[in-house]
Amino acid sequence: EGRWFAVRVAPLGSHGLVLVLAEDLTEMRRTEAIRRDFVANVSHELKTPVGALSLLAETVEGAADDPEAVRRFAGRMQYESVRLTNLVQDLMTLSRIQGDEPLPELRPVRLDEITAEAIDRCQIKASSKDIELAGGGQEGLRVRGDEELLITALRNLIDNAVAYSPEHTRVVVSARRCEDRYVEINVTDQGIGIPETEIERIFERFYRVDPARSRQTGGTGLGLAIVKHVTTKHGGEVTVWSKEGSGSTFTLRLPLIDPPLPAVKPVERAA
Ligand code: ADP
């Protein structure tokens, strides 16, 4: 791969001297290309549900005297609207966290609370596939962070674990302290797994191993990109272990607030 330069030549005084300025544009061109790709992807992803909605609206108009058909089309319109809403929501979250600015207002966040909340939000989807969601092991552990973003990241991982697992399996969310300064949160499933050659790419925006399957499960293709940015913003990292056909474990490693909360509430002082 070559490099790109902008070269400016300016005369310097009256002795025939010139000043040559060369600016390396390689990085700028690369960033621009990525941005262009992203905008093209977003437009494409938006076009799909919007196109489906307008087609369905037309069809439902022609089926006015068939209540059963109207009900069916209305259901599909609702499904497409939910997809559209999820996509816009994820785009908004991404645009908030992918820049260089630090997150405002970080507060102590209890891992047991956010895990319970994230599991709660995935429960309906899990129950519909008879997938058991189990959580545990994080009493007293706290990190400094943005509670809503951390819940979103955990929820995306649990959502994926459910989406890419067969019925009647288990998803386990567990947390443990390691090296004294970190906490590792693991989300483990017994699902389809990820081919080794794809693991590096799954955190890219809109990258899917199997686009048809992702669409079927209502995925936006942005879930893991959000997980990665949220983790980085909290000074942590995300890693994956996976075996095709037997399951995956996603691990969030975050810096702990030291020391962990005492198990017993401290006595409140009288005013
Ligand atoms: P999507 O909305 O498509 O799920 P994500 O960014 O959340 O988008 O994930 C990107 C891709 O990574 C998915 O399309 C899927 O192919 C793969 N993937 C993510 N989580 C899992 C998992 N737990 N098991 C198997 N594949 C997964």
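All figures in this text were calculated on a predicted structure; none of them were measured in a lab.

Caption draft 1: Highlighting the overall build of the chain. Of the regular secondary structure elements, the chain holds six helices and nine strands. Relative to the 2.2 N^0.38 estimate, which gives 18 Å for 271 residues, the radius of gyration of the chain is 24 Å and therefore markedly larger than a compact globule would have. The C-alpha extent of the chain, read off along each of the three principal axes, is 85 × 70 × 50 Å. Every one of the 271 residues in the chain was classed for burial, and the buried ones make up 37%. In the chain, once contacts between residues fewer than 6 apart in sequence are set aside, the share between residues at least 24 apart is 68%.

Caption draft 2: Molecular detail of the site of the ligand. Lining the immediate environment of the ligand, one finds 20 residues, of which Asn 160, Tyr 164, Asp 189, Ser 214 and Gly 221 sit closest. With respect to the ligand, the side chain of Asp 189 contributes an N or O atom lying 2.9 Å from a nitrogen atom. Considered on its own, the ligand offers 530 Å² of accessible surface; in the complex 97% of this is hidden by protein. Broken down by class, the residue content of the shell around the ligand amounts to 10 nonpolar, eight polar and two charged.

Caption draft 3: Geometry of the pattern of salt bridges. In this structure the tally under the stated criterion is 17 salt bridges. Between Glu 113 and Arg 110 there is a salt bridge whose closest N-O contact spans 3.7 Å. Judged by relative accessible area, which is 30%, Arg 110 ranks as partly exposed. Connected through shared salt-bridge partners, Arg 176, Glu 179, Glu 184 and Arg 253 make up one network.

Caption draft 4: Highlighting helix α2 (residues 67–97). With 31 residues, α2 extends 45 Å from end C-alpha to end C-alpha; this agrees with the ideal 45 Å at 1.5 Å per step. What α2 keeps buried is the set Ala 69, Phe 73, Glu 80, Arg 83, Leu 84, Leu 87, Asp 90, Leu 91, Thr 93, Leu 94 and Ile 97. Against the buried residues of α2 lie α1 (26–62), α4 (147–163), α5 (211–216) and α6 (223–233).

Caption draft 5: Structural view of the packing of aromatic side chains. According to the stated counting rule, one finds two aromatic pairs in the structure shown. Measuring from centroid to centroid gives 6.0 Å for Phe 38 and Phe 206, while their planes differ by 25°, and the two rings are stacked. You can see Phe 38 sitting in helix α1 and its partner Phe 206 sitting in the loop between β7 (182–188) and α5, a full 168 residues away along the chain. By the burial criterion, Phe 38 is buried, and Phe 206 matches it. With a centroid separation of 6.3 Å and an interplanar angle of 70°, the aromatic rings of Phe 203 and Phe 250 are classed as edge-to-face.

About the thresholds
Residues numbered from 1 in each chain as written. Predicted model: local features only at pLDDT ≥ 70, side-chain atom pairs only at ≥ 80, totals over all residues. Heavy atoms only, no water. Helix = DSSP H or I, 4+ residues; strand = E, 2+ residues; numbered from the N terminus. Rg over C-alpha atoms; globule rule 2.2 N^0.38 Å. Buried < 20%, exposed > 50% of the residue type's maximum accessible area, 1.4 Å probe, protein only. Contact = heavy atoms within 4.5 Å. Near = heavy atom within 4 Å. Polar contact = N/O pair within 3.5 Å; in protein donor to acceptor, adjacent residues only side chain to side chain. Areas by Shrake-Rupley, 256 points an atom, 1.4 Å probe, with all protein chains shown as cover. Nonpolar A, V, L, I, M, F, W, Y, C, P; charged D, E, K, R; others polar. Salt bridge = Lys/Arg side-chain N within 4 Å of Asp/Glu carboxyl O. Expected span 1.5 Å × (residues − 1). Phe/Tyr/Trp six-rings, centres within 6.5 Å; stacked < 30°, edge-to-face > 60°.

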